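Single-letter residue listing:
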Amino acid sequence: MTVSDRSISSELFAADTVPSLRATVRVLLFILALALLAGAMAYQAPPQGRVAIGWPGDRLFMGVSPGLGRIPVERGDLFADELTPDSPTGRSRWTRERAVIVLPNVGAGSPLQLTLMAQGWPATVGAQPTVTVLIDGAVVGSFVPKPTWEAYSFVVPGIAHQYGDLTLVLQSSATLFDERDPRPKGVRLAEVRILPAGETALWLPPAWPAVALMGWNALLLVLFLMRLRLNQSQVYVITAIGIGTAAIGLAVARIWMAAILNVAMIGLLVLLVIAYRQPLLFYLRFLVQRYGQGQALSYGLVAVALVCFGYVLLHVINWMTAAGIRLFWQVFPDSLLLTLLGTTLLALFLTYGRAGLPRLSDRLVDVLASRRGARLILGGFAVTWQGFEATVIAALPYAGHADYSDNAIVARNLVRGRGWVVDYISQFYYSYDSLTRPQETWPLLQPVWIAPFFALFGPTAWAAKIPNFVFDVILIVLIYAVGSRWWDRRVGVTAAVLVLTNYLFFRLSIYVTNDLAFVVFSMAAMAALLQSNTDPARQWRWLFISAVSTGLMMLQKPSGAMFALGMGLWQLAILANHLRMAGDRQQRYQRLRIGLTPIIVWSAIALLILSPYLVRNIILFGKPVYSTESYDAWVLDYRGVSGDAWSEIYRVFAPEWGGPGLPDRSWILRWGFDATFTKFETQVRELRAYLMPAWPGAPPVLAALFSHDAQKNILTPLGAWLALTGLLAAIAYRRRWLGLLAFTYTPYIIFMLTYWRTNEERYWVALIPWLALLAAWVIWAGYDRLAAVGDRRWAPLGLILALAAIITIVAGSRADIEDKVRNEPQIWQQDLAAYEWLHANTPPDAVIMTRLPWQVNWHTERPAVMIPNTDNRDLLLQIARHYGAQYLMLENQMRVKGDAGRLLAPLMDHDNQPGMIIDGFELLYASPTPDFRAFIYRIPDS
């Protein structure tokens, strides 16, 4: 037990615990009585308040859904909030034919005046619907809305409202919809307001759920304040202020305070967990140590292992009956040799017997744990796997989509002495004077790795991927070294195999991406930084390695700055902890000076390495960090996640062409708060799906923490469960490492959730090596624990299950890898043939308008411009003439979507044949296939 553990233990089990507990109970009972009394008294004031519909917080009182089916109507959901300039509040929502608004814990028995600020259909429609108003199921009136905003008031007698919650239902006699807006709209709401009406009774019964919540919040607040070591007077004063504030809120703005009490309870629970984290961690470690011993646990583990073994054996038998026999005859007569080999191995196992099998298992594991054996196994596997990847790459004559081709293009231009430039326009935030422009979206470093190989072998797709092999080797060595250093060689080898065969890393190896090198640099930066804090003798050496890796990481991907921020905060947190333990001011000053020096040096080296990127951006774009993604961030996912929604970033934003201007954070108001909340909810949901295992049938409270789709787990379903188990174990046994991991990734996660987006797996590949290390740790810890039972007689079972777990995780990536190898080249085939036609039949300066300007420029070396997402034919032709585009290419791989897709739909008909003129576009080339065709048109002059 550590010193800190002993202090916590003595604090928890001190001799004066019982008297202290009694005093605490007395305080809690007094505060509870005070809160309940204040809550009951607050309800003697008549209820009042207002809800501005469409503004933040209104979803506490109503359901919201964009769906068009019957279920949202039955629930009474409203549509999304909208900017409404003529509304008294500036925003509003449309109802459906039925809308339900619940004002919680208003209190029963008091007569109320209900006022609705509403607007009907446009005047051009003519007739308006009749809206019936119901309170708690009883009709209190109706109204016919006007095309203008009007206030409609109703008196609700006390006898009509007999429940704590006030449930308002609006029933429209008809709904309005058309082709441009298919939503069935009832009436537009801007505000709901309640006021007292007439004399109230001498005693108004409180809404007891709200009073109980108030008492519960008061107790939580007291426990939190007591943990902060405040004296009794301070606890009483602060708690009394909190209770008084809540009571005044219930009396003056009951609608909001009654809803806020639920939110306050969640916030206080979170604060309590943070405040009591040390005792909670102590109890967790205590329970692990207490129940991690004894024969009952050992044989319970054996029983679980036997069940798992039976499950694995059942799968093997099923596979043998379904595919094994067929495979036997497919490879006959070689299968006879395999059968003989298997029989020999079985005989060997039988010969060794009960006493020999454990020794054999231990020897096999010892080989993996030895330096020579681990390196031999890992090296052999790496050579075999990279040989397989090399054969795949040789058969893929393309660099990849979007930024993958962009990296190869910039590298080709670097080798030709043109610098970091590209010859295409991919978005329309500005009106560029030339198609040739500085590369703006992607960072500088990836093309640098590619350029030497282009100089040696020429600008080919396979040469662009050679750096991937280099970084794969570095990553394997790095994972092995980290695993061996913090766990053992078995963990290092296993984690490296799991990462190498992961389907996401397979993708990073066959495309020209930034992410593979980013993973290497980020992992090296974190590992070296942790080593600098655990190896004082070589602190500056490790710190220098970490700083250089951090700078390269940010050059590789600018979002790595969020990692760097987290690592810096981790170092400051350790320094702050050292300062708290200092005795006097002089000692604190000395520790501060000594502790800040390495942090400053680390930061300075990293920024020095990043500085060329910052200087280049300042010279070219006038700001140190520039990317068109800073505009994409305020457009992407606010309209959903469909293909049409993604195409929103290809709209024409430049004011010169009638666009709305550059997107910025104020566009959140334009999209609506619901769209912003939905985007955030989507990002949280997807991040959870990637990292957390799935738990079907879990209780609702727990289900919110787990993945909704096990197939999205980036380390496969079994790997996700093992990594989560390892994470829980790390809380007790690897706290410093876990602290660094948490500090490093928290700013990045917040950045991705709130500013950018999480719903692409590649944004989380940097986490996979750490998850693989955790999973490998659990696998071999399970083997060690099982092997130690009963004089190691269960070691063979532990080895079988360890190998089965590794094989299952590796096999989880097989389907995706197989799809990439077998099917993806066929998807590219038609487009590659069309690119060859363009290269052979157009002049070198011919400009191509296309949905994929990156690929077109890489494969044809022709300048290109994106097809704008517009339904205006004249605007499309105007942009084509501005950039001198003569040809329009419509690829098979990624069809044009959104408004442009609907505008150009006649040009993508599979019955079109070369020579046809459609809407002025002359078809020059069409894939010689019945479907999945690519088309090339000549753009008309007018």
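Analysis parameters
- Residues numbered from 1 in each chain as written.
- Predicted model: local features only at pLDDT ≥ 70, side-chain atom pairs only at ≥ 80, totals over all residues.
- Heavy atoms only, no water.
- Helix = DSSP H or I, 4+ residues; strand = E, 2+ residues; numbered from the N terminus.
- Buried < 20%, exposed > 50% of the residue type's maximum accessible area, 1.4 Å probe, protein only.
- Contact = heavy atoms within 4.5 Å.
- Areas by Shrake-Rupley, 256 points an atom, 1.4 Å probe, with all protein chains shown as cover.
- Pairing = 2+ DSSP bridges.
- pLDDT = per-residue confidence, 0-100.
- Axes fitted to C-alpha atoms, helices over the stretch in contact; angles between N-to-C directions.
- Parallel < 35°, antiparallel > 145°, perpendicular 65-115°, else oblique.
- Left-handed = near helix turned anticlockwise from the far one by under 90°.
- Nonpolar A, V, L, I, M, F, W, Y, C, P; charged D, E, K, R; others polar.
- Core = buried A, V, L, I, M, F, W, Y, C linked by side-chain atoms within 4.5 Å.
- Phe/Tyr/Trp six-rings, centres within 6.5 Å; stacked < 30°, edge-to-face > 60°.
- Lys NZ or Arg CZ within 6 Å of the ring centre and 35° of its normal.

> For this particular structure, what's the right way to read the overall build of the protein?
Scanning the protein from N- to C-terminus turns up 34 helices and 18 strands. Put simply, the protein has 942 residues, and 49% of those count as buried. Long-range pairs, those at least 24 residues apart, make up 73% of the contacts in the protein between residues at least 6 apart in sequence. In the structure as shown, the protein presents an accessible area of about 43900 Å², 66% of it carried by carbon and sulfur atoms.

> Where do I start with the pairing of strand β13 (residues 847–850) in this structure?
Within a regular strand, the side chains alternate between the two sheet faces. Judged by which residues are buried, β13 turns out to be covered on both faces: Val847 and Met849 on one side and Ile848 and Thr850 on the other are all buried. Sheet topology places β13 next to strand β15 (residues 885–890); four bridges connect them, and they run parallel. Among the inter-strand pairings, Met849 is bridged to a residue of β15, identified as Leu888. Two strands pair when backbone bridges link them, and β13 and strand β14 (residues 864–866) are joined in this way by three bridges, in the parallel orientation. What sits directly across from Ile848, in β14, is Ala864.

> I keep staring at the confidence of the model for the protein and nothing clicks. Help me out?
Any segment with low pLDDT has predicted coordinates that should not be analysed in fine detail. Summary statistics for the protein give a mean pLDDT of 87 and a share of 89% for residues scoring 70 or more. The model gives residues 1–18 a pLDDT under 50, and that stretch makes 18 contacts with residues more than four places away or in other chains.

> Before we go on, may I ask you to explain the sheet that holds strand β4 (residues 98–103) in this structure?
Consider a sheet: its strands pair through backbone hydrogen bonds, and that pairing is either parallel or antiparallel. The strand order across the open sheet built from four strands is β4-β9-β6-β7, with neighbouring strands paired in antiparallel fashion. Only two strands of the sheet have a single neighbouring strand rather than two, namely β4 and β7 (138–143). If you compare each strand with its neighbour and ignore which way they point, the axes differ by 20° on average. Taken together, the five bridges between strand β6 (residues 131–135) and β7 define a ladder with antiparallel strand orientation. Among the inter-strand pairings, Thr132 is bridged to a residue of β7, identified as Ser142.

> For this particular structure, what's the right way to read the packing of helix α10 (residues 371–394) against helix α14 (residues 466–486)?
Packed helix pairs are characterised by how far apart their axes lie and by the angle those axes make with each other. Running from amino to carboxyl end, α10 crosses α14 at an angle of 155°, the nearest separation of the two axes being 11 Å. The angle between the axes of α10 and α14 places the two elements in the roughly antiparallel class. Every pair of crossing elements has a handedness; the one defined by α10 and α14 is right-handed. Between α10 and α14, the residues in contact are Arg371, Ala374, Arg375, Leu378, Ala382, Gln386, Glu389, Ala390 and Ile393 and Phe469, Asp472, Val473, Ile476 and Tyr480, respectively. Split by residue class, the contact of α10 with α14 holds nine nonpolar, one polar and four charged.

> In this structure, what is going on with the nonpolar core? I would like to understand it.
The tendency in soluble globular proteins is for nonpolar side chains to be buried as a group. One finds Trp737, Trp770, Trp780, Met849, Leu888 and Leu890 to be the most contacted residues of the largest nonpolar core, which totals 183 residues. Of all the elements, helix α28 (residues 768–787) adds the most residues to this core, at 14 residues. Each residue touching Leu890, except ones within four places of it in the same chain, is listed here: Ile867, Arg895, Val896, Leu904, Leu907, Met908, Arg933, Ala934, Phe935 and Tyr937.

> I keep staring at the packing of aromatic side chains and nothing clicks. Help me out?
Aromatic ring pairs are reported here in terms of the distance separating the ring centres and the angle at which the planes meet. Per the stated rule, a full pass over the model turns up 44 aromatic pairs. Seen in terms of ring centroids, Trp487 and Trp737 are 5.7 Å apart; in terms of plane orientation they differ by 85°. Their pairing is edge-to-face. Highlighted residues: Trp487 in the loop between α14 and α15 (489–500) and Trp737 in helix α27 (residues 735–754), separated in sequence by 250 residues. An aromatic cluster is defined as three or more aromatic residues linked by ring pairs; in this entry it consists of Tyr429, Tyr430, Tyr432, Phe621, Tyr626, Tyr631, Tyr638, Phe653, Trp667 and Trp671. It is Arg227 that lies over the ring of Tyr276; its NZ or CZ is 5.0 Å from the centre.

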